[in-house]
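Chain by chain, the residues run as shown.
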Amino acid sequence: RFLHNTEKPERRRLLTGLQILLALYALILAVGSLWQNGTAFIAARQKMEEMNTAADRMQLNVSTVFLMFQALTDLFPSIAEALLLIMTAAFIGSFAKDPFGAGTFSRLEKLKKASGQFLILILLTNLGLTLLQLLFARYILNSSYLLLFPLTEIIVVLGIRLLTLLYLDGKRLKEDNDMII
């Protein structure tokens with residue numbers, strides 16, 4: 001019912017408000033994640049250097065590189081979530097103008113493709129970093145071998161993917177109904 005009532009001005013305002021809120025949340029999420037991961041990396045590096053003052057410089061450098069990899073691996077899910085939210089906001093803007101138009105459909109296809117790719121990358125980056133740590137274990141100081149998956153970001157990515165699939169099914173049903181009529 002909501003899909004067919006987008007002509008009403010209050011529905012358009014609702015969609016525009018949702019679009020603005022999603023874009024703002026994505027921006028806040030990206031900035032907050034950059035800040036949080038940056039400060040966590042700096043603190044971990046300082047702690048590693050303080051606890052390993054007699055360590056070889058090469059070991060410190062290799063460990064610093066792995067700390068950077070860990071920080072990027074921790075940052076990637078939040079950035080992927082922010083990008084998907086921005087893409088969702090763009091889709092909502094297109095949907096408000098023309099719910100079943102070609103522009104809306106192309107934005108949704110891009111969103112579907114990006115959500116699938118981000119889901120795979122989130123899972124593979126965490127697994128890949130843990131495997132790299134295991135391979136270079138003798139050169140790394142203070143390594144942790146936990147295989148962690150960011151469930152919140154995975155749930156958001158899966159939710160966006162599910163919504164795109166539901167919209168595509170609705171679009172196909174509408175096209176079928178239009179052909180019958």
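Residues numbered from 1 in each chain as written. Predicted model: local features only at pLDDT ≥ 70, side-chain atom pairs only at ≥ 80, totals over all residues. Heavy atoms only, no water.

Student: Let's hear about the overall build of the chain: which residues, and what values?
Tutor: Counting secondary structure elements, the chain contains 4 helices and 0 strands. What you see in the chain, going N to C, is helices and strands ordered as α-α-α-α. Looking at the 181 residues of the chain, the share that counts as buried comes to 33%. Residue pairs at least 24 apart in sequence account for 75% of intrachain contacts in the chain once pairs closer than 6 positions are excluded. Taken as a whole, the chain presents about 11,500 Å² of accessible surface, with 68% of it coming from carbon and sulfur. (Helix = DSSP H or I, 4+ residues; strand = E, 2+ residues; numbered from the N terminus. Buried < 20%, exposed > 50% of the residue type's maximum accessible area, 1.4 Å probe, protein only. Contact = heavy atoms within 4.5 Å. Areas by Shrake-Rupley, 256 points an atom, 1.4 Å probe, with all protein chains shown as cover.)

Student: Any chance you could break down the packing of helix H2 (residues 57–97) against helix H4 (residues 151–180) for me, citing the residues and the numbers?
Tutor: Orientation of H2 relative to H4, taken along the N-to-C sense of each, is 25°, at an axis distance of 9 Å. Put simply, H2 runs roughly parallel to H4. The crossing of H2 and H4 is left-handed. Contact residues: Pro77, Ser78, Glu81, Leu84, Leu85, Thr88, Phe91 and Phe95 in H2; Glu153, Val156, Val157, Ile160 and Tyr167 in H4. (Axes fitted to C-alpha atoms, helices over the stretch in contact; angles between N-to-C directions. Parallel < 35°, antiparallel > 145°, perpendicular 65-115°, else oblique. Left-handed = near helix turned anticlockwise from the far one by under 90°.)

Student: Please give an account of the nonpolar core that cites residues and values.
Tutor: If you look at the biggest cluster of nonpolar residues, it comprises 26 residues, and the most contacted ones within it are Leu84, Leu85, Phe91, Leu108 and Tyr167. Broken down by secondary-structure element, the contributors of at least two residues to this core are helix H1 (9–51), H2, helix H3 (102–135) and H4. Leaving out residues up to four positions away in the same chain, Leu84 has contacts with Leu111, Ala114, Ser115, Phe118, Val157 and Ile160. (Core = buried A, V, L, I, M, F, W, Y, C linked by side-chain atoms within 4.5 Å.)

Function cannot be read off these values alone, since they describe shape.
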